[in-house]
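Residues per chain, in single letters:
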Amino acid sequence: MESLLMTPKLSSCKSSLNPPQAKFNNVRVIGQVSSAPLWGRRSRARCLTLRASVSDGGLSSSQDGSSAVEYEKEEKGLILGTEKDDSGAVIGFHLIPPSGEVKANQVGESFTTASSSTEEAEGIKVEEKAQTRVTYNIVFVTAEAAPYSKTGGLGDVCGSLPIALAARGHRVMVVSPRYQNGTPADDKFASAVDLDCPIKIHCFGGVQDVGFFHEYRDGVDWVFVDHPSYHRPGNPYGDQYGAFGDNQFRFALLSHAACEAPLVLPLGGFNYGEKCLFLVNDWHASLVPVLLAAKYRPYGVYKDARSILVIHNLSHQDGAVKPCSDWALNKRKGVEPAVTYKNLGLPLEWYGALEWVFPTWARTHALDTGQAVNPLKGAIVTADRILTVSEGYSWEITTIEGGYGLHELLSSRNSVLNGITNGIDVAEWDPSSDEHIACHYSVENLNDKVAEPFTLRSGSTHQHMSLTSVVYKVQVQCKTALQKEFGLPIRPECPLIGFIGRLDYQKGIDLIRLAIPEIMEDDVQFVMLGSGDPQFEGWMRATELAYKDKFRGWVGFNVPISHRITAGCDILLMPSRFEPCGLNQLYAMRYGTVPVVHDTGGLRDTVKNFNPYAPEGSGEGTGWTFSPLTKESMLTALRVAISTYREHKCSWEGLMKRGMQRPCSWENAAIQYEQVFEWAFTDPPYVI
Ligand SMILES: Nc1ncnc2c1ncn2[C@@H]1O[C@H](COP(=O)(O)OP(=O)(O)O[C@H]2O[C@H](CO)[C@@H](O)[C@H](O)[C@H]2O)[C@@H](O)[C@H]1O
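Predicted, not measured: the structure shown is a model, and the values here were computed from it. (Residues numbered from 1 in each chain as written. Predicted model: local features only at pLDDT ≥ 70, side-chain atom pairs only at ≥ 80, totals over all residues. Heavy atoms only, no water.)

## As for the overall build of the protein
Then comes step 1: In terms of regular secondary structure, the protein is built from 23 helices and 26 strands.
Then comes step 2: Within the span of the protein, comprising 688 residues, buried residues form 58% of the whole.
Then comes step 3: Summed over all atoms, the accessible surface of the protein reaches about 26400 Å², with 53% contributed by carbon and sulfur. (Helix = DSSP H or I, 4+ residues; strand = E, 2+ residues; numbered from the N terminus. Buried < 20%, exposed > 50% of the residue type's maximum accessible area, 1.4 Å probe, protein only. Areas by Shrake-Rupley, 256 points an atom, 1.4 Å probe, with all protein chains shown as cover.)

Written out as structure tokens, the structure reads:
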């Protein structure tokens, strides 16, 4: 394991294990800094969100749960934090962020507090909007960006967050490959024009000619790296025969090209220049911070640049289910034999930064030394800061269970590791205007319908509505249209459960398979959309035959159908084994579809468990979270959800409404990203 931590220069390089010094110059400590972590990462009650303005150093905070940290700005601009317990008593003072102990940029539910004005509901204070902010030249580097390319959540995020940041005044470029697979999907790149600015990249024992295409849309420079290796049938990572054998080459090329783009591309007449901020996403882009440190900075280039590694899914770099040095398994995860290091276009002395040694038990045979190169590991040791897509996941990856062998390394960088919960594209995912769904509705429609007569069951703490009322009407057209499309009996009153996602280990598909016979005993319908592991695809087809009137499985990747399932179902099931953030539960809540999810990672951070005993019988929460990850526990949660749907209509409507009103725009997240950008530039580059 020691070798994981070895990297050249690290001993001599300046570490940012402490918070940004400039911020601390303005901070006066009053009282004693609490030695215990102020935010128990396991406890949502102690989770807190901190937002800070760049311009004046002012901090504003909001709290979630019983523990609070308050910030006061004194006349001289000094800032201090006090922590209070449930009763409001002060139990400690501390700095934000306290050295190495506390996440200064926590993402909790504090942004989600419902309020009357739209702006407040979005968690953005008017005063904050009025402030002048520092803007940055931002370069996203990613293997996919919707709508141009998408196989999952990475594409969604890199298609939306750049637009949100551009809207906040930043200059934003997204660099991703120009995939051409010979299908109509190629047309998505049709508006991108050839910049006629070819470059030569030295790697893999030769010189590669690479071109750039460009489209300026929604305030963002979408830059597509063009090379023959991106032109082939299949998705960005593979085809029906598995992962492409040259993925290491294809994404090394992307990283090299992305480093050149700000220097050579005259976008809008001016290049981005050296003082830019690279946001590198997952392993595919992970060579970027290493290249900045090893290839550029020794020659005085990019001395003022910074890089932030954004981890969407740590398991994609490793053997995931079965960590082992089986190269066929690891190809699509970026981990390749050590001998390939020489191909990457990096100085030999930087080998240690990428060096990865599989533990003995994970090696395939006695002579296997387990030596490999792992770009994601390289980014973890060289990036200026590290972000994950939810706060819960930022803790999970520092544990042995969630770290996939990188937990010690990630823990060693804990002081620069933060989590920011993803937002969603609220224009694309809007039930009041979604072009893919049968009828349009919104929370306002629901309010109108609430005006209809409803009955209260005497002696009950819950309000119960007549069966002819709200719930069956809302979404009912979407629901019956979905039943029709999938060939299910059209039964508006029957609970309809949905699943959307990759059919693999992460998504807990094996648990659904295990539980289906018992789920099908109930009077429910179940629809699934997904592709991935062929054994699960086959299982979906077989299950459809076994439960003709109750179960439908759509094998494939189909965005319009994913919208229709999201709108038409009553319940969305997500038994993910781990989930860095998860987007489908966010889409579901926005569409009034109630999520039932495993209590993990971003699912835990975003779905609030239903509490029917909330004050005044009003109920609270937006869905159900279950734990542990067992069939029994999942079935229990599902059954409670189903019976609530059937018997407690008013509670159900409350769940729908709270989910639909939950703030989820990217602007919320963008504000928190800006805080991390500020911290990244406050310290010198991590590896000079
Ligand atoms: N068969 C199908 N047809 C149509 N659409 C389909 C589909 N299968 C999946 N999708 C869509 O792909 C996206 C999947 O996003 P997720 O966040 O659930 O998972 P993913 O694991 O890919 O992303 C990783 O990155 C994201 C982004 O950071 C994290 O939220 C997540 O936890 C992490 O695992 C959603 O937009 C979903 O609707």
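## Some thoughts on the environment of leucine 503
Then comes step 1: The topology assignment puts leucine 503 in the loop between strand 21 (496-500) and helix 16 (509-519).
Then comes step 2: Measuring from C-alpha to C-alpha, the distance between leucine 503 and arginine 133 comes to 43 Å, with 370 residues separating the pair along the chain.
Then comes step 3: Contact partners of leucine 503, with chain neighbours within four places excluded, come to Ile509, Met528, Gly530, Ser531, Gly532, Asp533, Phe536, Glu537 and Met540. (Contact = heavy atoms within 4.5 Å.)

## What about the pattern of salt bridges?
Then comes step 1: Applying the stated criterion across every chain yields a total of 20 salt bridges.
Then comes step 2: The residue lysine 631 makes a salt bridge to glutamate 518 at a minimum N-O spacing of 2.6 Å. Taken as a pair, lysine 631 in helix 21 (residues 631-647) and glutamate 518 in helix 16 lie far apart in primary sequence, 113 residues in all.
Then comes step 3: Between arginine 646 and aspartate 522 there is a salt bridge, with its nearest N and O atoms 3.1 Å apart. Separated by 124 residues along the polypeptide, arginine 646 in helix 21 and aspartate 522 in the loop between helix 16 and strand 22 (525-530) bring together distant segments of the chain. (Salt bridge = Lys/Arg side-chain N within 4 Å of Asp/Glu carboxyl O.)

## Here's the deal with the sheet that holds strand 21
Then comes step 1: Taken in spatial order, the six strands line up as 23-22-21-24-25-26 in an open sheet, and their pairing is parallel. With partners counted over all chains shown, the strands left at the sheet margins are strand 23 (551-555) and strand 26 (624-626), one partner each. Between one strand and the next, the sheet's axes are offset by a mean angle of 20°, whatever the strand orientation.
Then comes step 2: Relative to strand 22, strand 21 runs parallel, the two sharing five bridges. Each bridged residue has a counterpart across the sheet, and for isoleucine 500 the counterpart in strand 22 is leucine 529. (Pairing = 2+ DSSP bridges. Axes fitted to C-alpha atoms, helices over the stretch in contact; angles between N-to-C directions.)

## Points about the pairing of strand 6 (residues 137-141)
In the case of a regular strand, side chains alternate between the two sheet surfaces.
Then comes step 1: Taking burial as the measure, the five residues of strand 6 include four buried ones, the bulk of the element.
Then comes step 2: Here strand 6 pairs with strand 7 (residues 171-177) via five bridges, running parallel. Residue pairing in the sheet places isoleucine 138 in a bridge with valine 172 of strand 7.
Then comes step 3: Handedness of the crossover joining strand 6 and strand 7 through helix 5 (residues 153-167): right-handed. (Right-handed = clockwise from strand over helix to strand, strands pointing away.)

## Focus on the nonpolar core
Then comes step 1: One finds Phe278 and Tyr673 to be the most contacted residues of the largest nonpolar core, which totals 142 residues.
Then comes step 2: Domain assignment of the residues forming this core places at least three in each of domain 1 (137-321 + 329-423 + 671-682) and domain 2 (474-663).
Then comes step 3: Those residues in contact with phenylalanine 278, other than ones at most four positions away along the chain, are Val139, Val141, Ala258, Cys259, Pro262, Val288, Leu292, Tyr302, Ala305, Arg306, Ser307 and Ile308.
Then comes step 4: Counting 34 residues, the second-largest nonpolar core is a separate cluster that includes Ile497, Phe551, Met634 and Met656. (Core = buried A, V, L, I, M, F, W, Y, C linked by side-chain atoms within 4.5 Å. Domains from an automatic or database assignment.)

## Considerations on the packing of aromatic side chains
Then comes step 1: Summed over all chains, the structure comprises 24 aromatic pairs.
Then comes step 2: Ring centres of tyrosine 148 and phenylalanine 189 lie 5.8 Å apart, and the angle between their planes is 40°; this geometry places the pair in the tilted category. Residue tyrosine 148 is found in the loop between strand 6 and helix 5, and its partner phenylalanine 189 is found in the loop between strand 7 and strand 8 (193-194); the two are separated by 41 residues along the sequence. Of the two residues examined, tyrosine 148 and phenylalanine 189, each falls in the buried class.
Then comes step 3: One aromatic cluster is present, formed by Tyr136, Tyr673, Phe677 and Phe681 through successive ring pairs.
Then comes step 4: The lysine or arginine in question, arginine 232, covers the ring of phenylalanine 244, its NZ or CZ lying 4.7 Å from the ring centre. (Phe/Tyr/Trp six-rings, centres within 6.5 Å; stacked < 30°, edge-to-face > 60°. Lys NZ or Arg CZ within 6 Å of the ring centre and 35° of its normal.)

## Quick word on the packing of helix 15 (residues 476-485) against helix 18 (residues 559-568)
Then comes step 1: Two elements in contact, helix 15 and helix 18, have axes separated by 8 Å at closest approach and are oriented at 130°. Between helix 15 and helix 18, the angle falls in the class oblique. Seen from above, helix 15 lies across helix 18 with left-handed handedness. Contacts from Cys478, Lys479, Leu482 and Glu485 in helix 15 reach Ile561, Arg564, Ile565, Ala567 and Gly568 in helix 18.
Then comes step 2: In the contact of helix 15 with helix 18, the residues fall into five nonpolar, one polar and three charged. (Parallel < 35°, antiparallel > 145°, perpendicular 65-115°, else oblique. Left-handed = near helix turned anticlockwise from the far one by under 90°. Nonpolar A, V, L, I, M, F, W, Y, C, P; charged D, E, K, R; others polar.)

## Looking at the site of the ligand
Then comes step 1: In the vicinity of the ligand lie 28 residues, with Asp156, His312, Arg502, Gly556 and Glu579 positioned nearest.
Then comes step 2: Interatomic distance of 3.2 Å between a side-chain N/O atom of asparagine 313 and an oxygen atom of the ligand.
Then comes step 3: Between an oxygen atom of the ligand and a side-chain N or O atom of arginine 502, the distance comes to 2.3 Å.
Then comes step 4: Protein contact buries 97% of the 710 Å² of open area that the ligand shows by itself.
Then comes step 5: If one sorts the elements of the shell around the ligand by residue count, helix 5 sits on top with four residues.
Then comes step 6: Taken together, the residues that form the shell around the ligand break down as ten nonpolar, 13 polar and five charged.
Then comes step 7: A domain split of the shell around the ligand shows at least three residues from each of domain 1 (137-321 + 329-423 + 671-682) and domain 2 (474-663). (Near = heavy atom within 4 Å. Polar contact = N/O pair within 3.5 Å; in protein donor to acceptor, adjacent residues only side chain to side chain.)

## Things to note about the side chain of glutamate 537
Then comes step 1: Secondary-structure assignment places glutamate 537 in helix 17 (residues 534-546).
Then comes step 2: One buried charged residue, glutamate 537, forms no salt bridge at all, with the nearest opposite charge on arginine 541 at 4.5 Å.
Then comes step 3: A polar atom in the side chain of glutamate 537 sits 2.9 Å from the backbone nitrogen of glycine 532.
Then comes step 4: Contact partners of glutamate 537, with chain neighbours within four places excluded, come to Leu503, Ser531, Gly532 and Val555. (Lys, Arg positive; Asp, Glu negative; His and termini not counted.)

## With respect to the domain arrangement of the protein
Then comes step 1: By domain assignment, the protein separates into domain 1 (137-321 + 329-423 + 671-682) and domain 2 (474-663).
Then comes step 2: A separation of 32 Å is found between the C-alpha centroids of domain 1 and domain 2.
Then comes step 3: Across the boundary between the two partners, domain 1 contributes 20 residues, which contact 16 residues of domain 2.
Then comes step 4: Summing both sides of the interface, domain 1 and domain 2 together bury roughly 1300 Å²; the carbon and sulfur share of this comes to 60%.
Then comes step 5: The interface formed by domain 1 and domain 2 contains zero salt bridges.
Then comes step 6: Viewed at the interface, domain 2 and domain 1 are joined by eight residue pairs in polar contact (both at pLDDT 80 or more).
Then comes step 7: Broken down by secondary-structure element, the contributors of at least two residues to the side of domain 1 that touches domain 2 are helix 5 and helix 11 (391-396).
Then comes step 8: In terms of residue count, the dominant contributor to the side of domain 1 that touches domain 2 is helix 11 (four residues).
Then comes step 9: For the side of domain 1 that touches domain 2, the per-class residue count stands at four nonpolar, twelve polar and four charged. (Buried area = accessible area lost by both parts, 1.4 Å probe.)

## Observations concerning the sheet that holds strand 18 (residues 371-373)
Then comes step 1: Taken in spatial order, the three strands line up as 16-18-17 in an open sheet, and their pairing is antiparallel. Edge positions in the open sheet fall to strand 16 (336-337) and strand 17 (355-357), since each of these has one partner strand only.
Then comes step 2: As paired strands, strand 16 and strand 18 are joined by two bridges and run antiparallel to one another. Paired with proline 337 across the strands is alanine 372, a residue of strand 18.

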